[in-house]
2 protein chains.
Amino acid sequence: MTKDLHTLYQHGTLGLLVPGLFEGTQTVGELLQHGDTGIGTATGLDGEMVIVDGQPYLVRSDGSVNLLTHDVKVPFATVHFNDDQAESFMVENLTMEALGQKILAEHAYENVFFAVKVKGQFAQMHTRAVEGQKRPYPTLVEVAEKQALFDAENSRGTVVGYFAPEMFAGMAAPGYHLHYLDDTRQMGGHILDFKIAQAQVSLQVFENVIQHFPVNNQEFMNHKADVGGVNDQIQKAEK
Amino acid sequence: MTKDLHTLYQHGTLGLLVPGLFEGTQTVGELLQHGDTGIGTATGLDGEMVIVDGQPYLVRSDGSVNLLTHDVKVPFATVHFNDDQAESFMVENLTMEALGQKILAEHAYENVFFAVKVKGQFAQMHTRAVEGQKRPYPTLVEVAEKQALFDAENSRGTVVGYFAPEMFAGMAAPGYHLHYLDDTRQMGGHILDFKIAQAQVSLQVFENVIQHFPVNNQEFMNHKADVGGVNDQIQKAEK
């Protein structure tokens, strides 16, 4: 298999998690055919997935971090093949917000999707993991209100995630959407904030974005979308 | 080359035509590697493109209909490989609006992209073609105000186009976006309305949508998007 370094692959949409479509519709094994790096969630929103070096980890709300087997299904995930030659630079003593601004100030990337990888030492890392839900599924905002919070200091690890242009809000979270996994594989999750002590930042711009739909899932196909409300709720749930 | 019948390919976004990014950024030849059927526009918004059976036609505002050469560049186009085995049904005496409603009433396709092909006899066909622009380019709404209108009665031909879910507004026109080419290759354009006398309707649902970005075009990369205003203007320009 040729690894396409210029293509981002997404299964499902963030917008359809909002009303509670949390059933897994693609196996992790299928997902890994499209990338060795990425982020996502699990059936029932049972944690935060982060894929590093082809290894799919799930950070759950009880704080556990486990490798996922390839038969597990996910409702939403975004992956790509990491380019070892991607442009990179070193940063020190930088907050998440300052890093996000620095990237867009120094690169004309606002209209494209790109991957962000930050590898190094974090003075502070603040993450969350949503709690697994049973049917009938609540909305994403209701789940986010019950999230578990995790904090680490002087943590070595890897931030993996994406920037999506505002025009694609709904399909993805507009702006940055980042997950974390520490080097000991004991702490991670959906990032709320961090402060870098010293790290290498890599940026990988995508020429193509493949959006894959769960067309064989009847719940997805039959869902009546309320798109107007979705983007407001993405803002609430992802912050 | 294997023809992937489950994938829609789009170059550029409708949202970036809105502020006037009308420069062609992909050749028709490259585009045809991703589909034999589709719609689009030309550099400077110089007409309405419709691709039928692998033949790319351009309907211009002077009423001319010409085959495009493969070296011509387009700023925005959507294509797919037509599936001869796609689900189809016959209809008689049906307006465009009634056809659109019938499709969504009978199929749970509201959350996916699908192609619509209507081949047969049209009692009425009402189209438009935008007028080619020179730099400095105006906005899409300004161009749409100066469009040429065309009418035909008892026209035999083919409607080609797509339905896009509301969640993807900006990337594409939400709802239906249809172009027309008559069998004599003398009349066509962006469809404003039609009435079917008798025709075969084919629907082709896509599991994947590939969004291709003109990442080597500096004007696109440097553009400061005003996404809030874009969707309102798409509504104005595409109706």
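All of the points below concern the structure found in this document. It should be emphasised that the depicted structure is a prediction, and the values quoted were computed from it without experimental measurement.

Let's talk about the packing of aromatic side chains
The geometry of two aromatic rings is summed up by the distance between their centres and the angle between their planes.
Point 1. All told, the structure shown has 24 aromatic pairs over all chains when counted by the stated rule.
Point 2. Their ring planes at 80 degrees and their centres at 5.3 Å tell us that Phe122(A) and Tyr180(A) sit as a pair that is edge-to-face. Placement of Phe122(A) in strand β10 (residues 114–129) and of Tyr180(A) in strand β12 (residues 175–182) is noted, with a sequence separation of 58 residues between them.
Point 3. The exposure class assigned to Phe122(A) is buried, which follows from its relative accessible area of 0%.
Point 4. The class for Tyr180(A) is buried, based on a relative accessible area of 0%.
Point 5. Considering the side-chain rings of Tyr162(B) and Phe206(B), the 6.4 Å spacing of their centres and the 50 degrees angle between planes classify their relative orientation as tilted. Taken as a pair, Tyr162(B) in strand β11 (residues 148–164) and Phe206(B) in the loop between β13 (188–205) and β14 (208–212) lie far apart in primary sequence, 44 residues in all. The two residues Tyr162(B) and Phe206(B) agree in class, both being buried.

Examining the pattern of salt bridges
Note that side chains of opposite charge can pair when their charged atoms are close.
Point 1. Under the defined criterion, the tally for this structure stands at 14 salt bridges over all chains.
Point 2. A salt bridge links Arg60(B) to Asp46(B), with the nearest nitrogen and oxygen atoms 3.1 Å apart. Residue Arg60(B) is located in the loop between β5 (55–59) and β6 (65–67), and its partner Asp46(B) is located in the loop between β3 (37–41) and β4 (48–52); the two are separated by 14 residues in the primary sequence.
Point 3. Put simply, Asp183(B) and Arg156(B) hold a salt bridge, and the shortest N to O gap is 4.0 Å. Here Arg156(B) lies in strand β11 and Asp183(B) lies in the loop between β12 (175–182) and β13, a separation of 27 residues in the sequence.
Point 4. Of the residues examined, Asp183(B) reaches a relative accessible area of 41% and is grouped as partly exposed.
Point 5. Linked by salt bridges that have partners in common, Glu23(A), Arg135(A) and Glu219(A) make up one network.

Basis of the calculations
Residues numbered from 1 in each chain as written. Chains lettered and ligands numbered in written order. Predicted model: local features only at pLDDT ≥ 70, side-chain atom pairs only at ≥ 80, totals over all residues. Heavy atoms only, no water. Phe/Tyr/Trp six-rings, centres within 6.5 Å; stacked < 30°, edge-to-face > 60°. Helix = DSSP H or I, 4+ residues; strand = E, 2+ residues; numbered from the N terminus. Buried < 20%, exposed > 50% of the residue type's maximum accessible area, 1.4 Å probe, protein only. Salt bridge = Lys/Arg side-chain N within 4 Å of Asp/Glu carboxyl O.

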